[in-house]
Amino acid sequence: MIPSFYARSGLAPSRILTPSLNGNTDVRLPYQSQNPIVLDNQNGSLRIFVPQGVAAFVTVNSGASVTFPDDYLQTGNQVYPNSELSNVGTTYQVTVNATALNGTITIVNSQN
């Protein structure tokens, strides 16, 4: 069973560490967060579910294997929405710092 978390927004950064060193982790992002959400997975894969209407700006660890939807782009360690998605006035934004040292990071658009 893959642990599943819902990252909550708040004044302090949300930090999610995997409960085991060798587990895969699923995280559903909130609609907005005032501070970055920090996701840290040592030896497993990390799946980040982005709700519809949310633009996630994700910084990944150097050398990470990352997959993301067609409406996202990657430049170096930054994965972000293309201009079409990020220019929508009603889009919420969430900043994420994701680490999966020995696993993959997958960004998934999810339905609400």
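Residues numbered from 1 in each chain as written. Predicted model: local features only at pLDDT ≥ 70, side-chain atom pairs only at ≥ 80, totals over all residues. Heavy atoms only, no water.

1. Comments concerning the overall build of the protein
Okay, step 1: Helix and strand content of the protein: 1 helix and 11 strands.
Okay, step 2: Mapped in sequence order, the helices and strands of the protein form the string β-β-β-β-β-β-β-β-β-α-β-β.
Okay, step 3: Looking at the protein as a whole, 38% of its 112 residues are labelled buried.
Okay, step 4: If you take every contact in the protein between residues at least 6 apart in sequence, the share linking residues at least 24 apart comes to 53%. (Helix = DSSP H or I, 4+ residues; strand = E, 2+ residues; numbered from the N terminus. Buried < 20%, exposed > 50% of the residue type's maximum accessible area, 1.4 Å probe, protein only. Contact = heavy atoms within 4.5 Å.)

2. A short note on the environment of Q52
Okay, step 1: Of note, Q52 is situated in the loop between β5 (46–51) and β6 (54–60).
Okay, step 2: Linking Q52 and T91, residues 39 residues apart in sequence, is a C-alpha distance of 8.8 Å.

3. Brief notes about the pairing of strand β11 (residues 104–110)
Remember that side chains alternate between the two faces of the sheet whenever the strand is regular.
Okay, step 1: Here 6 bridges tie β5 to β11, and the two strands are oriented parallel to one another. Bridge pairing links F49 to V108 in β11.
Okay, step 2: Of the pairings in the sheet, the one linking strand β7 (residues 65–67) to β11 comprises 3 bridges and is parallel in character. If you follow S65 over to β11, its bridge partner there is T104. (Pairing = 2+ DSSP bridges.)

4. Notes on the pattern of salt bridges
Okay, step 1: Applying the stated criterion across every chain, the model contains 1 salt bridge.
Okay, step 2: Notably, a salt bridge pairs R47 with D26, separated by 2.7 Å at the nearest N-O pair. Of this pair, R47 sits in strand β5 while D26 sits in strand β3 (residues 25–28), placing them 21 residues apart in sequence.
Okay, step 3: We classify R47 as partly exposed; its relative accessible area is 33%. (Salt bridge = Lys/Arg side-chain N within 4 Å of Asp/Glu carboxyl O.)

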